[in-house]
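Listed here are the chains, written in short residue letters.
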Amino acid sequence: MKRTLAFGGLVATAGLLAAGLAAPAQATNTVSSDNLANTNMAAKQVATFWFGEAKANLLNATPYGVETKIVAKHVSKGGPSADSKPGVVPAIGDEKKAAAKSKNVNLPKTSGKVFFIGADKKPHWCSATSVQSGYKNVVATAGHCVYDTGANAATMDKWVFIPGYYQGKTPWGIYVGKQAFTHYDYDVYEDGDRDYAFVTVYDGVLPESATADKDYKSEVFASKADAEAAKAKLQADKSTVWSKLEIVEVKGDHKAKLATVAEFQALNEGKDLTGDGPFADGTIAGKAQEIDVREYREDKDSYVSRDGKTLYFRTKVDGKGGKDHRDGKWGKGDHSQKPEFKYFKRNFWTKAARGYQVVGKTFQVGLKSVGRLGDNVGGQGLAYNQKLGKPVFVFGYPSGTHPDGNNAFTGKTLKYSYGKTFAVQAPAIKGEELQGIKSSFTGEGAIGSSWLLNYQSARRIGYLNGVTIGVSDTTGNNRYDTSFSPYFDGETYGVYKAAAATWSGKIA
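Just so you know, these numbers come straight off a predicted model, no measurement behind them.

The next thing to look at is the sheet that holds strand β27 (residues 422–426). A sheet is described by the order of its strands in space; here four strands give the open sequence β27-β28-β32-β31, paired in antiparallel fashion. Each of the sheet's edge strands pairs with one partner strand only, and the pair in question is β27 and β31 (470–472). For this sheet, the mean inter-axis angle between neighbouring strands, taken without regard to orientation, is 40°. Pairing between β27 and strand β28 (residues 431–438): four bridges, direction antiparallel. Within β28, the position partnered with Phe422 by the bridge is Gly436.

Below, the structure written as structure tokens:
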């Protein structure tokens, strides 16, 4: 939803400004930010998660399909209007260069996929692009490819950007997300007009040593619910790297094992080991064996053998006196008979309890730094408050089928659409100020695709002017024909500016 903002200040630009775009105004707006991997160790472990197990998590990831399809009857005319003068931020490498022309459409190096773990605890991906920033470390994508609106949770887990990704190949490395920036209205109200995010990423990394997978087994839980809770806790911990976590049933071992007294007591906390129990499942107390006083070697009511495996104890014989328990003599100064005792020894056994256990793998991978994202693949500029009706290129990785079942795209390679923007509304997603473009992209995988204004094919750069947040079949022929994006205005620039001014650093 639109806010009234105050503006001031200019940023000098060149290059594509020759195409008639003005310099950006600086907006004072409301920005929300959330940590993705806010420590160096957490970031290393996130990268390791995707590199580990021969990149199985990358290869098994599926396109993210949450909130991608917009029903045609919920689409209407109308839409956005600029909140100030048009503005741009030049692309990396374009700050002082003249515009160029090309008849061919060369695909941008800046585009790639973002991978993350969704609410279903499975790996998914969206489209995204690198954009210009002071630290050359910012990625732009759809807001719901960063914030888990489907499950009303916080940010996605183990978020990374991989430019040029193809079937497990990471030609320029993996860039772990550090901090996500979005508009307050999206973070709080899931406002479709603000469904975009700018994410700072650490310097890229590649593996330099083989993966060392280690098996993990939790303690045995008495109930499956307890095991599920333990599994969820592991998955929610962003400082850990787990894979293939699952719950397995432990049938137990019928063969009992001799336990130390301390082990048995730990499993039967607070229980009297000289009594008859009951004792915990999977623990067995042997019958107390009466012994001769000469075998009992301590002048105390109980003690444990030196090897820790036998409990010795004595019990007083009620109502009976008697002579001294050792030599038959009274103690010095005694004028009454000493108490009479019986003496015992006892052993204990344990056997594996029947229950449930969390099992999986942890990873250790040697990583090497490959430098900053913008230095490796460049970064697109940013344009906002632009007039509708201008042609844009849309670059992304569409996947999934059309409503009629036609599987037109695989999601494996970068594709593009081209057309002019127009105003549109989609109240079902709280989208009152959206822009649309005619496109055959299917929604799954295409979410987060970059909309580039004034794209120069020869130099593979332009101005980011939108990101795909949904698709629709507006003609009723069971084929998607329209893609939607938030309209980029001064408030969008404010969110971008906050991300662009934030340093992230290295993880290796």
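Picking up after the structure, the text goes on.
In this model, helix α1 (residues 40–60) (21 residues) spans only 26 Å end to end at C-alpha, well below the 30 Å of a helix rising 1.5 Å per residue. At Ala54, α1 shows its strongest bend, of approximately 115°.

Should their charged atoms come close, side chains of opposite charge can pair. Applying the stated rule across the entire model yields 11 salt bridges. Across the pair Arg314 and Asp299 runs a salt bridge whose closest N-O atoms are separated by 3.5 Å. Taken together, the positions of Arg314 in strand β19 (residues 311–316) and Asp299 in the loop between β17 (289–291) and β18 (302–304) put the pair 15 residues apart, joining distant regions of the chain. In this structure Arg314 comes out as buried when scored by relative accessible area, which is 13%. Looking at Asp299, the relative accessible area reads 56%, which means it is exposed. Asp375 is paired through a salt bridge with Arg372; the nearest N and O atoms lie 2.8 Å apart. On the basis of relative accessible area, Arg372 is assigned to the partly exposed category, the value being 29%. If you follow the salt bridges from partner to partner, you end up with Lys136, Arg372 and Asp375 in one network.

Conventions we followed
Residues numbered from 1 in each chain as written. Predicted model: local features only at pLDDT ≥ 70, side-chain atom pairs only at ≥ 80, totals over all residues. Heavy atoms only, no water. Pairing = 2+ DSSP bridges. Helix = DSSP H or I, 4+ residues; strand = E, 2+ residues; numbered from the N terminus. Axes fitted to C-alpha atoms, helices over the stretch in contact; angles between N-to-C directions. Expected span 1.5 Å × (residues − 1). Bend = angle between axes of the 7 residues up to and from the residue. Salt bridge = Lys/Arg side-chain N within 4 Å of Asp/Glu carboxyl O. Buried < 20%, exposed > 50% of the residue type's maximum accessible area, 1.4 Å probe, protein only.

Function-wise, these values are silent; they only describe arrangement.
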